[in-house]
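Geometric and topological summary
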Amino acid sequence: APGNTTITYTLSSGCGTSTATQLVTVNPLANAGTVSGAATLCSGLSSAFTTTGTGGTWSSSNTAVATVNTTSGLVTGVGAGNATITYTVVSGCGNASASAPITVNSPANAGTISGNNAVCVMSTINLSSNITGGTWGTNSNAIARITSSGIVTGVSAGTNPITYTVTTTCGT
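Okay, so let's go over this structure. (Residues numbered from 1 in each chain as written. Predicted model: local features only at pLDDT ≥ 70, side-chain atom pairs only at ≥ 80, totals over all residues. Heavy atoms only, no water.)

Points about the state of the cysteines
Two cysteines joined by a covalent bond between their sulfur atoms form a disulfide. Following the criterion strictly, the structure yields one disulfide and no others. The disulfide bridge from C42 ends at C170, spanning 2.1 Å between sulfur atoms. Here the S-S torsion is close to -100°, and the disulfide linking C42 with C170 is therefore left-handed. Note that C42 is positioned in strand β4 (residues 40-42) and C170 in the segment after β18 (162-165), a separation of 128 residues in sequence. Pair check on accessibility: C42 and C170 agree, each one buried. (Disulfide = S-S within 2.5 Å. Helix = DSSP H or I, 4+ residues; strand = E, 2+ residues; numbered from the N terminus. Buried < 20%, exposed > 50% of the residue type's maximum accessible area, 1.4 Å probe, protein only.)

Re the nonpolar core
With 19 residues, the main nonpolar core has V35, F49, W58, A66, V75, I85 and I102 as its most contacted residues. Residue assignment for this core shows that the elements contributing at least two residues are β8 (66-68), β10 (81-91) and β11 (94-105). Considering every element that reaches this core, the biggest residue donor is β11, with five residues. Setting aside anything within four residues of it in sequence, one finds V75 in contact with L41, L45, S46, S47, F49, A66, T67, V68, I85 and I102. Grouped together as the second largest cluster of nonpolar side chains are eight residues, I125, A144, V152 and V166 included. (Core = buried A, V, L, I, M, F, W, Y, C linked by side-chain atoms within 4.5 Å. Contact = heavy atoms within 4.5 Å.)

Some points on the packing of aromatic side chains
Where two aromatic rings form a pair, the distance of their centres and the angle of their planes describe that pair. Throughout the structure, instances matching the rule amount to two aromatic pairs. Ring plane angle 55° and centroid distance 4.8 Å describe the contact between W58 and Y87, whose orientation is recorded as tilted. Here W58 is found in strand β7 (residues 57-60), whereas its partner Y87 is found in strand β10, with 29 residues between them in sequence. Taken individually, W58 and Y87 each receive the classification buried, so the pair is uniform in this respect. (Phe/Tyr/Trp six-rings, centres within 6.5 Å; stacked < 30°, edge-to-face > 60°.)

A look at a nonpolar patch on the surface
Where nonpolar side chains cluster on the molecular surface, the patch consists of I7, V24 and V26 and spans about 210 Å² of accessible area. Relative to the helices and strands, I7 is located in strand β1 (residues 3-13). Residue classification places I7 among the partly exposed residues on the basis of a relative accessible area of 47%. (Patch = residues over 30% accessible without salt bridge, like charges linked within 9 Å, V, L, I, M, F, W, Y side chains within 5 Å. Areas by Shrake-Rupley, 256 points an atom, 1.4 Å probe, with all protein chains shown as cover. Salt bridge = Lys/Arg side-chain N within 4 Å of Asp/Glu carboxyl O.)

Limitation: the analysis is restricted to geometry and does not speak to function.
Here you go:
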């Protein structure tokens, strides 16, 4: 076990006894502990990672995806992808590392709406987005209606904003 102890060597002879002592320090093995933190994070946000180990430093396997403060363990999402957050302890008795994976997700992006911006009453136009997975909406079905596939039908004269909403784990 780690700690201090005194080693004593005694030599006895017909001429007397001689004793020598030496203080010895036993250091612990390096121990990075167990790393824990968020499994997912949104780009631009931060989350603290923790460890049960002490005396080490934090690092990221992919700083284009996630950065980490080397002393505090605060992880910040940079771009979409996967990274491994590692806590490393280096000592005179060896090195130890513990890590946890993290997935960084991009913020929601509805993309760009393409298509005509005017429709006649009782006629249709097709709208589309360069991003899939969203939901079409309108402020007033009395002016224009839109289907889930982006087909707009003019109902009555007027101006009516059409929206395309994408919702992800990182927001809308």
